[in-house]
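If you want the building blocks of each chain, they are given just below.
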Amino acid sequence: MIKTRLLLVCSLATASWGQILTWTPLFPTAEDTITIIYDATQGTAGLVGVADVYAHTGVITNLSDSPSAWRYVKTSWGVNTPDTRMESVGNDKWRIRFHIRSYYGVPESETIRELAFVFRSADSKKEGKDVGGKDIFLPIYQQGMNITLLAPSPIPVFAEPGDTVAIRAAGSQADSLFLYIDEERLACTDHDTLAFDLIVATPGKHVVRIVARDAGGGEKSLRFYIASIGPQLVQERPPELQDGLTRLGTNRFGFSLLAPYKKFVYLIGDFNDWEAEPEQQMILTPDSLRYWVIAETPSESILRYQYLVDGLLTIADPYSELVLDPFHDSQIPEEIFTNLPPYPAGKTVGIVSAFAPQLQKYAWQNKDWQKPDPAELVIYELLVRDFLSSPSFRTLTDTLGYLSRLGVNAIELMPLNEFEGNDSWGYNPSFYLAPDKYYGRGEDLKHLIDTAHAHGIAVIQDIVLNHAYGQCPLVQLYVDDMARNPWFNARSPNPVFSWGYDFNHTSRHTRDFVDRVLEHWLTEYRIDGFRLDFSKGMTNTPGDGYAYDPARIAILKRIADRVWAADSTAYVILEHFCENREERELADYGMLVWGNMNYAYNEATMGYHDNSKSDFSGVSYQTRNWSKPALVGYMESHDEERLMVKNLLYGNSSGDYNIKELETALARQKLAAAFFFTIPGPKMIWQFGEMGYDYSINTNGRLGRKPIRWDYLQDDHRKALFETYAALIKLRRTQSTFQTSDFYLSAASPVKRLALTHSEMNAVVLGNFDVIPAYINANFQHSGAWYDYFSGDTLQADFSQTVILLNPGEFRIYTDVKLEAPEMTTGIAPEIQSGVRDFVLYPAYPNPF
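For every chain, the first residue of the written sequence is number 1, and numbering continues from 1 along that sequence. It should be noted that, the model being predicted, local features are given only for residues of pLDDT at least 70 and side-chain atom pairs only at 80 or more, the latter also being counted only at that level, while totals for whole chains, interfaces and linings use all residues. For side-chain calculations, the full set of non-hydrogen atoms in the structure is used, while hydrogens and water are omitted.

Quick look at the overall build of the protein
- Helix and strand definitions follow DSSP, with helices as H or I runs of at least four residues and strands as E runs of at least two, each counted in order from the N terminus. The helix and strand tally for the protein stands at 13 helices and 48 strands.
- Along the three orthogonal principal directions, the C-alpha set of the protein runs to about 120 × 60 × 45 Å.
- Here the protein, with 849 residues, has 58% of them falling under the buried criterion.
- Sequence separation of at least 24 residues holds for 70% of the intrachain contacts in the protein that already meet a minimum separation of 6.
- Approximately 33300 Å² of the protein is accessible, and the part contributed by carbon and sulfur atoms is 48%. For every residue, the accessible area obtained with a 1.4 Å probe (protein chains only) is divided by the maximum for its type, and the residue is called buried under 20%, exposed over 50%, and partly exposed between those limits. Only heavy atoms enter the contact rule, under which two residues are in contact if any of them lie within 4.5 Å. Throughout, the Shrake-Rupley method with a 1.4 Å probe supplies accessible areas, and for residues the shown protein chains are the sole cover considered.

See the structure below:
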């Protein structure tokens, strides 16, 4: 029962839309000049107290396919112009005035339906949006009769029995307005405005409909509903339910959301037409932490749902394995994600969860797959977006043959779980159990992993557990009160190195979430391991993050233990960069740690050696005094400038030898590779490094798309670099010598030497990183025959003191067991620089030749 309290009739000249905006005229058309006032204290209130406010604004027209499809946007984000600057009218209110069609430049042929706004500070670091972080929309009307709702706001309305709901509506060119509640007419007026106060009495959902009619019988109407909330049911959650979605049987599912401090939660979706039905008001657990409900759902191919929290916020399930995005899904080609479910446009706002009621299990083919030993890993790090012209899991599956020919035994995929937008490196994660749709379906990812295993290639997932961003529902639930957030710190304890919202890894809720996420990828997708992004930030210890931190060590050991409980052979790789004592302790525990040697290797390839700048001996775990080969050494990763870029820009020279010349620069990469893959311990290369990729990391902006250059393989010198990489990788993977613990690396001088001793075979690697010829003592482990790996030539060393002259950029790999020389199809020798005189061999005196 809903009781009438008051009937008022009045005439209004301005409109209020969610209290954030007021405007005149009341029913603006595209041909009107409109005055808009923005109240910064409303909505997210992100601009309260800001000195200057700018409008980031565009329009929604008949050609927009979603609320995110803004057209005729005035400026790029962050660009300040006089015509988007707001005028202060005091009390955190800001005004702007313009002629609608001409301001946006919309052609006459296009119908404007809404104006869209996000307000921002001059430096773009703060923004003002609608409740729940939504964009702000202002309706634009067509000529003729119209009707608008002035109150209540926001809608739908959630009230308790006894509450009063004020209903205000206005009509344009209407002769009468009628108010219906649950199809019972309760009020009418022959004025242009209807005002009606209701006292809510009966729990349940009540539908409000307001109708405008003109003298000719024309009619327009609007509809909303009032949810009268009954007493909150409190009951223990059934033990079989977990957070998120739990399948309980055919068309029967449990839903659970951790949401302490929230007043009430409804489950909304396809099964209740996205409205808050009493049957889907979720039950609160006695500890006031969780809301849950069990629902019967129809037999559909795909069902979509959200949680409606406190009547204000609609969020997707944090544990969703598939989400629908009204802003970015339209940009995903059909060939990448086939049969993508449609977004329920007009039914709800925000990200939506989706699932198939009839679960179809993937039929794994390579069930007996054995991962490579961690010490023997050769990892290929790649960003799907910048690796393939059709950036998808399916296309990458078709490219595994190339990676297999290169010889790598692992690929590390930059973050692949749902991140904000489509065009991203992926370090702005939002949904942690869902593969990002921009790369394809979950089934496509499983097929990629399954096929990679058939090729002998492990798949390592780069995952971000240090932070999340505003699209993540775990953030959205408490974005206005982060001090109460169960998962995140209200403020990062390490502001010097901090991104997004900082996970609090001391919280049991964060621990549970992290464990669930990692176990999901290990069991559901058979991921072989993880690279934990910015692992040094996963602590609440204040400071710069570099110093030894027992609390962080305990957190990472706990995470590793949970990973190994699910898969005892899974890799746990840390991007750590902390004090060596801490990294060594984590390595001793069984984790692998990134070892960035980009600077030293690049100084070496450029030919600069002052103050031992080119000393890359830190790529050896033994140089760091570690007991285990747990250092994942690399010359390049996604985060470093490409070696070839600096070779070509800044390379050293002497006489005719010039590293700035392409062929010479590529030969320097072979030299570096000879002193990279042969050093024991796991190694990682960055995509296209094997072909000498020479586009800067800052091309198109640091995070922007980079040119995809598969055509490099048509260049003989780049192909020769690929073949050299492949030969070196094959050498280390087939010969136990290159996993020996008995090796010595001398890399401080321009002429460098590596000696490896093993019961099966000994090896010596010699290289001249200078720009002039140089002698080096090979210092072989014994006299006798030594064999050049690439040429197959035999060198008879009568004693260990054999001095060899190396041309600039030249290297030699000698073994005391004759190996089959690798085939170089280009005919370009990997050791000798094109255009440089032939090498000369000088044994120590007396000369045996």
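Some thoughts on helix α10 (residues 598-606)
- The element α10 is extensively covered by neighbouring structure, given that 8 of its 9 residues are classed as buried.
- For α10, the full list of buried residues reads Asn598, Ala600, Tyr601, Asn602, Glu603, Ala604, Thr605 and Met606.
- Where α10 is buried, its residues meet β35 (592-596), β36 (631-634), α11 (643-650), α12 (662-674) and β41 (751-756).
- Of the residues flanking the end of α10, it is Gly607, one or two places downstream, whose phi is positive at about 90°.

Quick look at the side chain of Glu418
- Residue position: Glu418 is located in the loop between β29 (410-413) and α5 (442-454).
- Glu418 gets classed as buried once you look at its relative accessible area, which sits at 5%.
- Any pair of nitrogen or oxygen atoms within 3.5 Å is treated as a polar contact; in protein, a donor-acceptor pairing is required on top of that, and neighbouring residues in sequence qualify only through side-chain atoms on both sides. Within the local environment of Glu418, its side chain forms a polar contact with the side chain of Lys437, the two groups lying 3.0 Å apart.
- Among all residues touching Glu418, those that are not within four sequence positions of it are Val323, Pro429, Ser430, Phe431, Ala434, Pro435, Asp436 and Lys437.

Details of helix α7 (residues 508-524)
- Taking 1.5 Å of rise per residue, 17 residues should cover 24 Å, and α7 covers 23 Å from first to last C-alpha, within 8% of that figure.
- Along α7, the residues that are buried comprise His509, Thr510, Phe513, Val514, Asp515, Arg516, Val517, Leu518, His520, Trp521 and Leu522.
- Where α7 is buried, its residues touch β20 (252-258), α5, β30 (458-463), α6 (473-476), β33 (529-532) and α8 (550-566).
- Residue Ser507 occupies the N-cap position of α7, its side-chain oxygen lying 3.1 Å from the main-chain nitrogen of His509.
- Downstream of α7 by one or two residues, Arg526 has phi in the positive range, about 55°. What a helix should span is 1.5 Å times the count of its residues minus one.

Points about unusual backbone geometry
- Between Thr24 and the following residue, Pro25, the backbone shows a cis peptide bond with an omega angle of 5°.
- Tracing the sequence through the fold places Pro25 in the loop between β3 (21-24) and β4 (33-39).
- Note that the residue after Ala151, namely Pro152, is joined by a cis bond; omega there is 5°.
- Its identity is not glycine, yet Asn251 carries a phi of approximately 60°, on the positive side.
- Here Asn251 shows up in the loop between β19 (244-249) and β20.
- Classification of Asn251 as buried rests on a relative accessible area of 12%.

Side note on the packing of aromatic side chains
- Two aromatic rings, drawn from Phe, Tyr or Trp (for Trp, its six-membered ring), form a pair once their centres lie within 6.5 Å of each other, and the interplanar angle then sorts them: stacked below 30 degrees, edge-to-face above 60, tilted otherwise. Applying the stated criterion to the full structure yields 51 aromatic pairs.
- Relative to Phe769, the ring of Phe616 lies with its centre 5.6 Å away and its plane at 70°, an arrangement referred to as edge-to-face. Of this pair, Phe616 sits in the loop between α10 and β36 while Phe769 sits in the loop between β42 (763-768) and β43 (774-777), placing them 153 residues apart in sequence. Summarising the burial analysis for this pair, Phe616 and Phe769 share the class buried.
- Between Phe790 and Phe811, the aromatic rings sit 5.8 Å apart at their centres with planes inclined by 85°, giving edge-to-face as the arrangement. Of this pair, Phe790 sits in the loop between β44 (784-788) and β45 (794-797) while Phe811 sits in strand β47 (residues 811-815), and the two are 21 residues apart along the sequence.
- Under the relative-accessibility criterion, Phe790 is labelled buried at 7%.
- Of the aromatic side chains, those joined through ring pairs into one cluster are Tyr380, Phe387, Tyr402, Phe688, Tyr693, Tyr695, Trp710, Tyr712 and Phe722.
- Working rule: Lys NZ or Arg CZ, within 6 Å of ring centre, within 35 degrees of ring normal, means a charge sits over the ring. For the cation-ring pair, Lys205 lies above Tyr225, with the distance from its terminal atom to the ring centre recorded as 5.5 Å.
- We note Arg718 situated over the ring of Tyr712; from NZ or CZ to the ring centre the distance is 3.7 Å.

A short note on the packing of α7 against α8
- Two elements in contact, α7 and α8, have axes whose closest approach is 10 Å; the angle formed by their N-to-C orientations is 35°. Here α7 runs over α8; the crossing is right-handed. Between α7, through Arg511, Val514, Asp515, Leu518, Glu519 and Leu522, and α8, the contact on the second element is made entirely by Arg558, Ile559, Arg562, Val563 and Ala566.
- For this classification, the nonpolar set comprises Ala, Val, Leu, Ile, Met, Phe, Trp, Tyr, Cys and Pro, the charged set comprises Asp, Glu, Lys and Arg, and every other residue, Gly included, is treated as polar. Its residues assigned to classes, the contact of α7 with α8 shows 6 nonpolar, no polar and 5 charged. Between N-to-C directions, angles span 0 to 180 degrees; the directions come from axes that are lines fitted to C-alpha atoms, helices contributing only their stretch in contact. The hand of a helix crossing depends on one turn: near helix anticlockwise from the far one by less than a right angle means left-handed, and clockwise means right-handed.

Some thoughts on a nonpolar patch on the surface
- Patch rule: a residue counts if its relative accessible area is over 30% and it has no salt bridge; like charges are joined within 9 Å, and nonpolar side chains (Val, Leu, Ile, Met, Phe, Trp, Tyr) within 5 Å. The rule for a salt bridge is simple: a side-chain nitrogen of Lys or Arg has to be within 4 Å of a carboxyl oxygen of Asp or Glu. Side chains of Val496, Phe497 and Trp499 sit close together on the surface and give an oily, nonpolar patch of about 300 Å² of accessible area.
- For Val496, the location among the structural elements is in the loop between α6 and β32 (501-502).

Describing the side chain of Thr81
- Relative to the elements of secondary structure, Thr81 occurs in the loop between β5 (53-61) and β6 (87-90).
- A polar side-chain atom of Thr81 sits 2.8 Å from a polar atom in the side chain of Thr84.
- If near-sequence neighbours (up to four positions away) are discounted, Thr81 is found in contact with Tyr54 and Thr75.

A word on the pattern of salt bridges
- Within this structure, the stated rule accounts for 44 salt bridges.
- Close ionic contact of Arg209 with Glu183 constitutes a salt bridge, the shortest N to O distance being 3.2 Å. Of this pair, Arg209 sits in strand β17 (residues 204-213) while Glu183 sits in the loop between β14 (176-181) and β15 (184-189), and the two are 26 residues apart along the sequence.
- Since its relative accessible area comes to 54%, Glu183 is described here as exposed.
- Between Arg223 and Glu275 there is a salt bridge, and its shortest N-O distance comes to 2.6 Å.

Describing the confidence of the model for the protein
- The pLDDT averaged across the protein works out to 93; a share of 96% of its residues lies at or above 70.
- Contacts from residues 1-18, a stretch scored under 50 in pLDDT, to residues over four places away or in other chains number 59 contacts.
- For every residue, the pLDDT score states the predictor's confidence, bounded by 0 at the bottom and 100 at the top. With pLDDT under 50 throughout, residues 833-849 is counted as low confidence; its partners more than four residues away or in other chains account for 37 contacts.

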